[in-house]
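Secondary and tertiary structure notes
Given next are the chains, with one letter for each unit.
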Amino acid sequence: MCIINCQSARNKAGLILDYIRDHDCDIVALTETWFRSGNLDQKAKGDITPSGYKLRCVSRVGKRGGGVAILFKETLTISENVDLSRPSLEALGVTVTHDATTIRLVVLYRPPKAP
């Protein structure tokens, strides 16, 4: 597992994909994805998702930038996609299951000028 502070995954798909392939990451937590809510960034989300992986994300609402996401291998079971964001932080919580092992994973990002 690794974490990448993207400062816009929308324009760094090649770098993100290369890193994931080079390090054979099972789970990649992403902060500052800059994905917009709704379907506005569907292409960009697809561009950063390698074959054999799935993406879950929470976009920042009402402002530019921010956002958190998790890329994970399809061999893992991810459930409870929960947006835990608050005014002072952005967060995504999931439950990861593989074989008989289950863990709770939370990706947190606290913007520099958060209240």
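Note that the structure is a prediction, hence the values are computed from the model and not measured. (Residues numbered from 1 in each chain as written. Predicted model: local features only at pLDDT ≥ 70, side-chain atom pairs only at ≥ 80, totals over all residues. Heavy atoms only, no water.)

Our next topic: the sheet that holds strand β3 (residues 53-58). Each strand in a sheet pairs with its neighbour through backbone hydrogen bonds, running either in the same direction (parallel) or in the opposite one (antiparallel). Strand order in this open sheet of four strands is β1-β2-β4-β3, and the pairing throughout is mixed. Pairing within the sheet leaves two strands with one partner each, and these edge strands are β1 (2-5) and β3. Taking the axes of each pair of neighbouring strands and ignoring which way they run, one obtains an average angle of 20° across the sheet. Note: β1 against strand β2 (residues 27-31), four bridges, orientation parallel. Bridge pairing in β2 links Ile4 to Leu30. (Pairing = 2+ DSSP bridges. Helix = DSSP H or I, 4+ residues; strand = E, 2+ residues; numbered from the N terminus. Axes fitted to C-alpha atoms, helices over the stretch in contact; angles between N-to-C directions.)

One ladder, built from nine bridges, connects strand β6 (residues 90-98) with strand β7 (residues 101-109); its direction is antiparallel. Paired with Thr95 across the bridge in β7 is Arg104. From the end of β6 to the start of β7, which pair antiparallel, there are two residues, and Asp99 there has a positive phi angle of about 55°.

This next bit is on the pairing of strand β4 (residues 68-73). By the criterion of burial, β4 is predominantly enclosed, with six of the six residues buried. Neither face of β4 is exposed, since Val68, Ile70 and Phe72 on one face and Ala69, Leu71 and Lys73 on the opposite face are all buried. Relative to β4, β2 runs antiparallel, the two sharing five bridges. Note on β4: the bridge partner recorded for Thr31 is Val68. Examined bridge by bridge, β3 and β4 share six bridges and lie antiparallel to one another. Among the inter-strand pairings, Cys57 is bridged to a residue of β4, identified as Ala69. (Buried < 20%, exposed > 50% of the residue type's maximum accessible area, 1.4 Å probe, protein only.)

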